[in-house]
Amino acid sequence: MTTRKDIEQVLWNACDSFRGKIDSSRYKDYILSMLFVKYLSDVSKERREEYVKQYDGDIRRVERAMSRERFAMDEQSTFDFLYANRNDAEIGQKINVALNHIEEHNSGKLRNVFRAIDFNSQVDFGDPKEKNATLRNLLEDFNALDLRPSQLGSSDIIGDAYEYMIAMFASDAGKKGGEFFTPSQVSELVVSLVHPQENDRIYDPTCGSGGLLLKAYKKVHSGKAAIYGQEKNQQTWALCTMNMFLHSVDDARIWQGDTLSNPQNIESDALMKFQVVVSNPPFSLDKWDSGFLSEAELDSKGKKKMSAELDPYHRFDWGVPPTSKGDYAFVLHMLSSLDAENGRMAVVLPHGVLFRGASEGKIRRQLVEMNLLDAVIGLPANLFYGTGIPACILVFKKNRARRDVLFIDASGDGNFEKGKNQNILRDSDIARIVSTYEARKTVDKYSHVASFDEIKENDFNLNIPRYVDTFEEEELVDIDEVKQNIANIEAELAQVQAQMAKYLEELGL
């Protein structure tokens, strides 16, 4: 049987073919694409063998049965074909052709999934000799894997291994890693706060490689939920599409493009509405409005400036965020996409959204006044790839019955595990946050339920220390005891000095 550990080991060994030649943020695409091809090939091969046996070698019936499978592959698209040609001088081009065939034969599910990758790239692989050696090693590494369903202990193994490798690449990629991956424990916390239910529409407008969406989908044990996402980066979009496919979420709709200037969640010329929205958008995205400015008029200084009128979906009628900070632009898009009756939303953001002024302050005030903000949760520092700054989770709900806001400060020592490179939220830490959120209770030095009037008195500043007092009083010092300790030390020191003087006298010094 092939275990997840077996898969991970082969994948990590395959990375050795690239290390020192290509940055990991690039070679992850080659490794994960080859894993995808190997999986498709092994599944297709086993199904064909089963049909040949079932229909006594009747090729017509075999082909008819194969046409009803989840995906189709011709002979020159299979991993076995590529492996047999691993010494071919044009192996890079053969791999590209195979990937193109897979797209063509599965255009409904895998259209354009390989378009951002080129196994014949001279830029990435160098001269033909070096390129061919690297690709030969890669094919030989993957040939050791048996990914036939009958050899996998669980249907989740291949998908879990894929996500594991995405996490490993994110860790290795540093700052770039945060662009396509949210740490698993943070994803678990976010989706636990919004309680995905059967028949919900679940949406992530900045979905990266899809981890948050998959976490939310798995919370719906019946699997009856509709998954939607959008991702700007073409390569990351491809990772997400493959990730969904490997987890058998075949009907997920993952769009490619800029969510803010070109949202794809359109239905009857309006934004689609979702019961659940989860997201970890890029922190304080600079020039988020650049996609709108082609339609903007020049101001008195000869510059183009974003205005609410430029957005046909009226997402910024409550205010236009500053061009250098896109946090509230994403929040307003998500709120505009949230179901009016039962919408729940949790978004990871930098702490600046809680207290920055100007247009952000005006937007924040309206979010509270419109009774949309349900909770503010402060997280420990150094949880995310690419940044050590602490973040927070804002939880929003439509159609709220109550007017208060729950504040939780989960950033202090004891609320997380300190790691060498990154801090970690443990299961117990996540459980404490979720249970406190659900109970909506005030816990000394941990949480506080703030009334609307209390927030208003703070001028709608949501900085957590204004509501949750985590100050630890220092223990009172007994001055008399300190004086007595000093006297004892001085007496002991005098005794030692006397003994030393006597010793030196005996030595005649």
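Here the structure is shown first, and the text comes after it.
Residues numbered from 1 in each chain as written. Predicted model: local features only at pLDDT ≥ 70, side-chain atom pairs only at ≥ 80, totals over all residues. Heavy atoms only, no water.

(A) Broad picture of the overall build of the chain. When helices and strands are counted, the chain shows 17 helices and eleven strands. The C-alpha extent of the chain, read off along each of the three principal axes, is 100 × 80 × 55 Å. In the chain, 63 positive and 80 negative side-chain charges are present, and the distance between their average locations comes to 5 Å. (Helix = DSSP H or I, 4+ residues; strand = E, 2+ residues; numbered from the N terminus. Lys, Arg positive; Asp, Glu negative; His and termini not counted. Charge placed at Lys NZ, Arg CZ, Asp CG, Glu CD.)

(B) Structural detail: the packing of aromatic side chains. Scanning the model with the defined rule gives 20 aromatic pairs in all. Arranged with centres 6.3 Å apart and planes meeting at 15 degrees, the rings of phenylalanine 79 and tyrosine 83 form a pair that is stacked. Here tyrosine 83 and phenylalanine 79 lie together in helix α4 (residues 79–84), a separation of four residues that amounts to about one turn. The class for phenylalanine 79 is buried, based on a relative accessible area of 0%. Among the aromatic residues, those joined into a ring-pair cluster are Phe18, Tyr27, Tyr30, Phe119, Phe125 and Phe169. Positioned over the ring face of phenylalanine 245 is arginine 70, at 4.1 Å from the centre of the ring. (Phe/Tyr/Trp six-rings, centres within 6.5 Å; stacked < 30°, edge-to-face > 60°. Buried < 20%, exposed > 50% of the residue type's maximum accessible area, 1.4 Å probe, protein only. Lys NZ or Arg CZ within 6 Å of the ring centre and 35° of its normal.)

(C) Molecular detail of the pairing of strand β8 (residues 373–378). With respect to burial, β8 is a largely interior element, six of its six residues being buried. Pairing of β8 with strand β9 (residues 391–397), which is carried by five bridges, proceeds in the antiparallel orientation. In the strand pairing of β9, leucine 373 is matched with phenylalanine 396. With four bridges connecting them, β8 and strand β10 (residues 405–409) associate as parallel partners. (Pairing = 2+ DSSP bridges.)

(D) Looking closely at unusual backbone geometry. For aspartate 56, which is not glycine, the phi torsion reads 50 degrees and is therefore positive. Topologically, aspartate 56 is positioned in the loop between α2 (24–54) and α3 (59–66). On the basis of relative accessibility, which here comes to 73%, the residue aspartate 56 falls in the exposed class.

(E) Local environment of the pattern of salt bridges. Applying the stated criterion across every chain, the model contains 32 salt bridges. Here aspartate 404 and arginine 400 are joined by a salt bridge, their closest N and O atoms 3.8 Å apart. In terms of burial, aspartate 404 and arginine 400 fall into one category: buried. Between aspartate 404 and arginine 402 there is a salt bridge, and its shortest N-O distance comes to 2.7 Å. Given the relative accessible area of 39%, arginine 402 is considered partly exposed. (Salt bridge = Lys/Arg side-chain N within 4 Å of Asp/Glu carboxyl O.)

(F) Just the sheet that holds strand β1 (residues 201–204), in detail. The nine strands are arranged β3-β2-β1-β6-β7-β9-β8-β10-β11 in an open sheet whose pairing can be described as mixed. Of all strands in the sheet, those with a lone pairing partner are β3 (253–256) and β11 (447–450), marking the two edges. In this sheet, adjacent strand axes meet at a mean angle of 15 degrees when their direction is disregarded. Across the sheet, helix α11 (residues 211–219) is in contact with β1, β2 (226–231), β3 and β6 (276–279); its angle to β1 comes to roughly 160 degrees. (Axes fitted to C-alpha atoms, helices over the stretch in contact; angles between N-to-C directions. Contact = heavy atoms within 4.5 Å.)

(G) Here's a closer look at the state of the cysteines. Inspection of every chain in the model, using the stated rule, returns zero disulfides. Considering cysteine sulfurs only, cysteine 240 is the nearest to cysteine 207, which forms no disulfide, with 3.9 Å between them. Residue class for cysteine 207 comes out buried when judged on its relative accessible area of 5%. (Disulfide = S-S within 2.5 Å.)

(H) Local environment of a positive patch on the surface. A cluster of basic residues, Arg60, Arg61, Arg64 and Arg68, forms a positive patch on the protein surface. Turning to its location among the elements, arginine 61 is positioned in helix α3. The class of arginine 61 is partly exposed, set by a relative accessible area of 39%. (Patch = residues over 30% accessible without salt bridge, like charges linked within 9 Å, V, L, I, M, F, W, Y side chains within 5 Å. Areas by Shrake-Rupley, 256 points an atom, 1.4 Å probe, with all protein chains shown as cover.)

(I) Main features of helix α5 (residues 91–105). For α5, spanning 15 residues, the distance from its first C-alpha to its last is 21 Å, which sits close to the expected 21 Å at 1.5 Å a residue. Of all the positions in α5, only Ile91, Gly92, Ile95, Asn96, Ala98, Leu99, His101, Ile102 and Glu103 are classed as buried. If you follow the buried residues of α5, they end up packed against α2, α4, α6 (107–110) and α8 (128–143). (Expected span 1.5 Å × (residues − 1).)

(J) Representation of the side chain of glutamate 46. On the secondary structure map, glutamate 46 appears in helix α2. Buried charge without a partner: glutamate 46 forms no salt bridge, and the closest opposite charge is arginine 148, 4.3 Å away. Reaching out from glutamate 46, the side chain makes a polar contact with the side chain of serine 150 at a distance of 2.4 Å. (Polar contact = N/O pair within 3.5 Å; in protein donor to acceptor, adjacent residues only side chain to side chain.)

(K) The nonpolar core, seen in detail. If you look at the biggest cluster of nonpolar residues, it comprises 101 residues, and the most contacted ones within it are Ile7, Ile31, Phe142 and Ile393. No other element matches α2, which puts eleven residues into this core. Not counting residues within four places of it along the chain, the set of residues in contact with phenylalanine 142 comprises Val10, Leu11, Ala14, Ile31, Met34, Leu35, Lys38 and Phe79. Core analysis: the next-biggest nonpolar cluster, separate from the first, contains 44 residues, Phe274, Val347, Ile363 and Val368 among them. (Core = buried A, V, L, I, M, F, W, Y, C linked by side-chain atoms within 4.5 Å.)

(L) Structural detail: α3. Those residues of α3 not exposed but buried are Val62, Ala65 and Met66. When α3 is viewed along its axis, its buried side chains cluster within an angular range of 100 degrees and face the same direction. Packing partners of the buried residues in α3 comprise α2. Its side-chain oxygen placed 3.2 Å from the backbone nitrogen of arginine 60, aspartate 58 serves as the N-cap of α3. (Arc of directions from axis to C-beta.)

(M) Structural view of the pairing of β6. Neither face of β6 is left uncovered, since the one carrying Val276 and Val278 and the one carrying Val277 and Ser279 both have all their residues buried. Bridge count for β1 against β6 is two bridges, and the pairing is parallel. Of the residues in β6, the one forming a bridge with isoleucine 202 is valine 276. You can see the chain leave β6, run along helix α13 (residues 327–336) and come back into strand β7 (residues 344–350), and the turn it takes is right-handed. (Right-handed = clockwise from strand over helix to strand, strands pointing away.)

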